[in-house]
Amino acid sequence: MTHADPATELHTIVDLIRYGGSRFNAAGLTFGHSYDNAMDEATQLVLHALHLPHDLSPVYGQSRLTGEEKRAILALFQRRIDERVPAAYLTGEAWFAGLSFKSDSRALVPRSPIAELIENGFEPWLAGREVRRALDLCTGSGCIAIAMGHYNPEWDVDGVDISDDALALAAENKARLHADNVELVKSDLFAGLTGRHYDLIVTNPPYVTDDETDALPREYSYEPELGLRAGPDGLDLVLKILRDAPLHLSRDGLLICEVGESERHLVKLLPELDLAWIEFKVGQMGIFAVECRELIVHNARIAELAAARA
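Residues numbered from 1 in each chain as written. Predicted model: local features only at pLDDT ≥ 70, side-chain atom pairs only at ≥ 80, totals over all residues. Heavy atoms only, no water.

Q: Explain the pairing of strand 1 (residues 93–96) to me, please; I cannot follow it from the model alone.
A: The side-chain alternation of strand 1 yields one buried face, formed by Ala94 and Phe96, and one unburied face, formed by Glu93 and Trp95. Joining the antiparallel neighbours strand 1 and strand 2 (residues 99–102) is a turn of 2 residues, in which Ala97 adopts a positive phi near 55 degrees. (Buried < 20%, exposed > 50% of the residue type's maximum accessible area, 1.4 Å probe, protein only. Helix = DSSP H or I, 4+ residues; strand = E, 2+ residues; numbered from the N terminus. Pairing = 2+ DSSP bridges.)

Laid out in structure tokens, this is it:
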């Protein structure tokens, strides 16, 4: 029994999107890089192959495709299935906070819920306080720092990372989005930031436990492990950030930090620390806000825990 060539049976944009979604689900792909389902990833790949905008009107869904266009799309689908490469690395683009970022294996694919906070002006957490200088610690592709600078042109924003590769990608994104109020700095957490102080520090550091990192699906193997692995409970870097942040925050400064599933470990380690766990449109996402003064009050205990990780 011979099987028909899909390219001869699929005709429209919608046909290809539906087919891709079905193939991806049948292949058991993992979705966690910008998109969380097969249909959205198929849409992303189809529109990329056709050189069409990501927000193309559905009115074009019944547009018929040429044989060459269909073959290009099907080849992308096959790579996604065979190699398990994240779709954003196949297209070289990821959307974050309404902005288009270059994305490749030099840094994690942009996907933090912090995008929602940026678009909402970090309210009500800033409570109207003035921000002049802001820091994105562990900036990776630069998405958080650049988005903060984009939506707040009056802010001076530093984007900090230890990885030369990540900073090179961030520099390309800074140029891509004309983020002139963003400065990129190489530093191991706060080590290279002596004398710099901020009204707001935002950080999405590595927070995946060793066991979870080892068990991640193949899609995550294309991302730098440096951006994921963070010790037995995922808090190796987080504790150092909590310890040192007061040295770089203004007196009424605010720290916003993403810890994902390691939230439960942090709450168990520091039950006395007053962390405000942020509610997003889809619920809690393991991101907290904490005041500088609260970190100062509990600094001795935080420092003790952090020292045990050295």
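Having seen it, we continue.
Q: What is the right way to read the nonpolar core from this model?
A: Nonpolar side chains tend to gather and get buried jointly when the protein is soluble and globular. In this structure, Leu137, Leu242, Leu255, Leu266 and Phe288 are the most contacted members of the largest nonpolar core, which totals 32 residues. The set of elements that each furnish at least two residues to this core consists of strand 3 (133–137), strand 6 (198–203), helix 10 (236–244), strand 7 (249–258), strand 9 (283–291), helix 12 (292–297) and helix 13 (299–307). With 4 residues, helix 10 is the largest single contributor of residues to this core. When near neighbours in sequence (up to four residues on either side) are disregarded, Leu137 contacts Val160, Leu189, Phe190, Leu193, Val202, Thr203, Asn204 and Ile241. Of all hydrophobic cores here, the second largest spans 31 residues; its members include Ile114, Val157, Leu177 and Leu254. (Core = buried A, V, L, I, M, F, W, Y, C linked by side-chain atoms within 4.5 Å. Contact = heavy atoms within 4.5 Å.)

Q: What's the story with the side chain of Asp161 in this structure? I'm lost.
A: Counting through the fold element by element, Asp161 comes out in strand 4 (residues 156–161). No salt bridge is formed by the buried Asp161. Its closest oppositely charged neighbour is Lys186, at 8.9 Å. From its side chain, Asp161 meets the backbone nitrogen of Gly140 in a polar contact 2.8 Å long. Ignoring sequence-local partners within four residues, the contact set of Asp161 consists of Cys138, Thr139, Gly140, Ala166, Leu167, Val185, Lys186 and Ser187. (Lys, Arg positive; Asp, Glu negative; His and termini not counted. Salt bridge = Lys/Arg side-chain N within 4 Å of Asp/Glu carboxyl O. Polar contact = N/O pair within 3.5 Å; in protein donor to acceptor, adjacent residues only side chain to side chain.)

Q: Looking at this structure, I do not really get the pairing of strand 6. What am I missing?
A: Note on strand geometry: in a regular strand, side chains alternate between the two faces of the sheet. The element strand 6 is extensively covered by neighbouring structure, given that 6 of its 6 residues are classed as buried. Summarising the sheet, strand 3 and strand 6 pair through 4 bridges and their orientation is parallel. In the sheet register, Asp136 faces strand 6, and the bridge partner there is Val202. As defined by bridge partners, strand 6 adjoins strand 7 across 5 bridges and the pair is classed as parallel. When the bridges of strand 7 are listed, Val202 appears paired with Ile256.

Q: Looking at this structure, I do not really get the pattern of salt bridges. What am I missing?
A: Any two side chains of opposite charge can pair, given that their charged atoms come close. One pass over the full model with this rule turns up 24 salt bridges. With a shortest N-O distance of 3.1 Å, Glu219 and Arg80 are connected by a salt bridge. A residue pair is termed long-range when its members are at least 10 positions apart, and Glu219 in the loop between helix 9 (210–214) and helix 10 and Arg80 in helix 4 (residues 67–83) qualify at 139 residues. Summarising the burial analysis for this pair, Glu219 and Arg80 share the class buried. The salt bridge involving Glu291 is made with Arg129; its shortest N-O contact spans 2.9 Å.

On their own, these measurements won't tell you what the molecule is for.
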